[in-house]
Amino acid sequence: MNPEESFWSPAIRSLVPYVPGEQPKIPGLVKLNTNENPYPPSPQVVQAITAAARQGLQLYPDPQATALREVLAAHHGIAAGQVFAGNGSDEVLAHAFFAFFRHGRPLLMPDVTYSFYQVYCGLYGIAFEAVPLDEQMQIQVADYARADPLAVGGVVIANPNAPTGCALPLAAIEQLLQSQPGRVVLVDEAYVDFGADSAIGLIDRYPNLLVVQTLSKARSLAGLRVGFAAGQRHLIAALERVKDSFNSYPLDRLALAGAVAAYQDHAYFEQTRFAVMRSREGLTLALEDLGFEVLPSSANFILVRHPRRDAVLLAQALRERGILVRHFGSPRVAQYLRISVGTPPQCEALVQALGTILVA
Ligand SMILES: *Cc1c(COP(=O)(O)O)cnc(C)c1O
C-alpha cells in the first residue's frame, strides 16, 4: 500500500475521480474548454445576490428551497412537489444514482457520454454497462431494450449528449421510457436550452422518468452551483431522503436568491441563449470551411475532428496561441476536440488560429 493512503478507507483507494477541465488564470485566455456560458449572468441575478448578502446570512437558508422550487415549477408547468433542487446538477445526479441505481443490476449508459456517470458508479458501487453509440455517434434507444427485464437496473443519458452535442427527439425518449418499465430513466438536460426539447413535459405520464437540469450552462451560473430534478412525487421523495441524510442545506442563501432571479429575467435568458446558438452555427460553417467534420450540435459546444490532423497536436498548438479547448483521451473520441461556443470575437480568434495552424 502507498503510505500516503494508509489512513484511507479501502473503498476510496480504487476510486477514479472526475477530472474537471482546467481553469488557468492566464490573462487574455480564450477559454473554450469547459462549456461555460460566454456571457455573464443577468444583472438582476447580481442584484438579487447582493441584496441577499445584506440580510440574513447569519441564518440558515430554507432547507427545502421552497421559493426556487416554486419558480422552477411555474416555469415548467409542473408542481413544486415535483422539483428537487441541489448544489449543482452534479450533486442532484449523485443523489439520483444513490437513490435509484444501487441494486445490483447494471445501469445502462452510452459509451460516449458525461464521464461523471461512471465516477458515481465507482463511488457508490453501481454496476454499469456502456452501450455503444452508433457509427454516426448517435444514441440508438433500441439498443437499450433488453428481453430480460432483470438485465437492466436503469438508464442514464444526457440529452443533448455530451461531448457529442447530439440530441434525441422526444419520441425517442418516450420509446426509451416505454422499454424500461419499473426502472428509472434519468435524462440529463444540462444543455437542453441550446436547441433540444425538454422531457419535463412527460413526467406526469411516466413514473420512471427523472429529468435533471442545471443553471450552469444556459443561465450563465456555473459559479453559483444550482441544479434541479423534475419527476413524479415518489422519485422526488427519494432524492429528499438522500439529501436529508447528507446535507440539509445544499443551497445557500445567495444561490437561492440568484437562481430565482435568473428565472425572472426571461428576456435575458432568451437573448443570450440565441446569441450562443447563432455563434454555434457560424462557428460550425467556419470550421467546415477549414476541413473539419463537425457533429450536429444542439448544445453550447461542438465536437469536431480534422481528417488529416491529430487532435492532441491541434489542442497543443491552440494552447500556445492562448486558446483552450477540451480533448478527451477515451478511444472513440481521441481524435476529436470539444470546443465550447464563445462570443463572436472568441469564435473568430479560434477560427483564425486554426487557419494559421493548418497551413503550417
Ligand atoms: C455541466 C454538466 C453537468 C453539471 O452541471 P453542474 O450543475 O454545474 O454541476 C451535468 N451534466 C452534464 C452533461 C454537463 O455537461
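Quick notes on the rules
Residues numbered from 1 in each chain as written. Predicted model: local features only at pLDDT ≥ 70, side-chain atom pairs only at ≥ 80, totals over all residues. Heavy atoms only, no water. Helix = DSSP H or I, 4+ residues; strand = E, 2+ residues; numbered from the N terminus. Rg over C-alpha atoms; globule rule 2.2 N^0.38 Å. Buried < 20%, exposed > 50% of the residue type's maximum accessible area, 1.4 Å probe, protein only. Contact = heavy atoms within 4.5 Å. Phe/Tyr/Trp six-rings, centres within 6.5 Å; stacked < 30°, edge-to-face > 60°. Expected span 1.5 Å × (residues − 1). Salt bridge = Lys/Arg side-chain N within 4 Å of Asp/Glu carboxyl O. Patch = residues over 30% accessible without salt bridge, like charges linked within 9 Å, V, L, I, M, F, W, Y side chains within 5 Å. Areas by Shrake-Rupley, 256 points an atom, 1.4 Å probe, with all protein chains shown as cover. Near = heavy atom within 4 Å. Polar contact = N/O pair within 3.5 Å; in protein donor to acceptor, adjacent residues only side chain to side chain. 1 Å grid on protein atoms, 1.4 Å probe; cavity = no way out; pocket = protein on both sides within 12 Å on 5 of 7 lines; lining within 4 Å. Sits in = over half its atoms within 2 Å of the grid points. Core = buried A, V, L, I, M, F, W, Y, C linked by side-chain atoms within 4.5 Å. Domains from an automatic or database assignment. Buried area = accessible area lost by both parts, 1.4 Å probe. Pairing = 2+ DSSP bridges. Axes fitted to C-alpha atoms, helices over the stretch in contact; angles between N-to-C directions.

A. Inspection of the overall build of the protein at higher detail. Helix and strand counts for the protein come out as eleven helices and twelve strands. What you see for the protein is a C-alpha radius of gyration of 21 Å, in line with the 21 Å of a compact globule of 360 residues. Counting only C-alpha atoms, the protein reaches 60 × 55 × 55 Å along its principal axes. Per-residue burial over the protein gives 52% buried out of 360 residues. A sequence separation of at least 24 residues applies to 73% of the contacts in the protein between residues at least 6 apart.

B. The packing of aromatic side chains, seen in detail. In this structure the tally under the stated criterion is eleven aromatic pairs. Geometrically, the ring pair formed by F97 and F101 is edge-to-face, given 5.3 Å between the ring centres and 90° between the ring planes. Residue F97 is classed as buried on the basis of its relative accessible area of 0%. With centroids separated by 4.9 Å and ring planes inclined at 70°, the aromatic side chains of F98 and Y124 adopt a geometry described as edge-to-face. Taken together, the positions of F98 in helix α4 (residues 88-100) and Y124 in helix α5 (residues 116-124) put the pair 26 residues apart, joining distant regions of the chain. Taking the relative accessible area as the measure of exposure, Y124 reaches 18% and is therefore buried.

C. How the structure looks around helix α9 (residues 266-289). With 24 residues, α9 should cover 34 Å at 1.5 Å per step; its first-to-last C-alpha distance of 35 Å lies within 8% of that length. Every buried residue of α9 is listed here: Y268, F269, T272, R273, A275, V276, M277, S279, R280, L283, T284 and L287. Looking at the buried residues of α9, the elements they touch are α2 (43-54), β9 (293-294), β10 (301-305), β12 (337-340) and α11 (344-359). Of the residues flanking the end of α9, it is G291, one or two places downstream, whose phi is positive at about 95°.

D. Main features of the pattern of salt bridges. Scanning the model with the defined rule gives eleven salt bridges in all. Note that E22 is salt-bridged to R319, the shortest N-O span being 2.4 Å. Placement of E22 in the loop between α1 (10-13) and β1 (30-32) and of R319 in helix α10 (residues 311-320) is noted, with a sequence separation of 297 residues between them. With a relative accessible area of 36%, E22 lands in the partly exposed category. What makes R319 partly exposed here is its relative accessible area of 39%. Among the salt bridges present, the one from R305 reaches E293, with a minimum N-O distance of 2.8 Å. In this pair, R305 sits in strand β10 while E293 sits in strand β9, placing the two residues twelve residues apart along the sequence.

E. Seen up close, a nonpolar patch on the surface. A cluster of nonpolar side chains, namely F7, W8, I12, L15 and L123, defines an oily patch on the protein surface of about 530 Å² accessible area. On the basis of relative accessibility, which here comes to 39%, the residue I12 falls in the partly exposed class.

F. The site of the ligand, seen in detail. What surrounds the ligand is the set G88, S89, D90, L93, Y114, D188, A190, Y191, T214, S216, K217 and R225. Contacts to the ligand include Y191, whose side-chain N or O atom sits 2.5 Å from an oxygen atom. In this structure, K217 approaches the ligand through a side-chain N or O atom, which is 3.0 Å from an oxygen atom. About the coverage of the ligand: the protein hides 93% of its 390 Å² of free accessible area. Of the pockets mapped on this structure, the ligand occupies the largest pocket.

G. Broad picture of the nonpolar core. In terms of nonpolar packing, the biggest core is built from 55 residues, with L68 and L209 touching the most fellow members. The biggest single contributor to this core is helix α8 (residues 253-264), with seven residues. Looking at which domains feed residues into this core, each of domain 1 (21-40 + 267-359) and domain 2 (43-264) gives three or more. Apart from residues lying up to four places away in sequence, L68 is in contact with A85, V226, L251, L256, A259 and V260.

H. Broad picture of the domain arrangement of the protein. Taken domain by domain, the protein consists of domain 1 (21-40 + 267-359) and domain 2 (43-264). Distance from the C-alpha centre of domain 1 to the C-alpha centre of domain 2: 26 Å. On the side of domain 2, 27 residues touch domain 1, which itself brings 25 residues to the contact. Contact between domain 1 and domain 2 buries roughly 2,000 Å² in total, counting both sides, with carbon and sulfur atoms accounting for 61%. The largest per-residue losses of area from domain 1 upon contact with domain 2 belong to F269, S298 and R332, which jointly make up 34% of the total buried on that side. Taken together, the connections running from domain 1 to domain 2 amount to one salt bridge. The shortest N-O distance in the salt bridge between R332 and D111 comes to 3.0 Å.

I. Geometry of the sheet that holds strand β2 (residues 83-86). Strand order in the open sheet formed by seven strands is β2-β8-β7-β6-β5-β3-β4, and the pairing between neighbours is mixed. Two strands in the sheet have a free side with no partner beyond their single neighbour: β2 and β4 (128-131). Adjacent strand axes in the sheet meet at a mean angle of 20°, parallel and antiparallel pairs treated alike. Two elements, strand β3 (residues 107-110) and β4, share four bridges in a ladder whose sense is parallel. In the sheet register, M109 faces β4, and the bridge partner there is A130. Against the sheet, helix α3 (residues 66-76) contacts β2, β7 (209-214) and β8 (227-231), and its axis sits at roughly 130° relative to β2.

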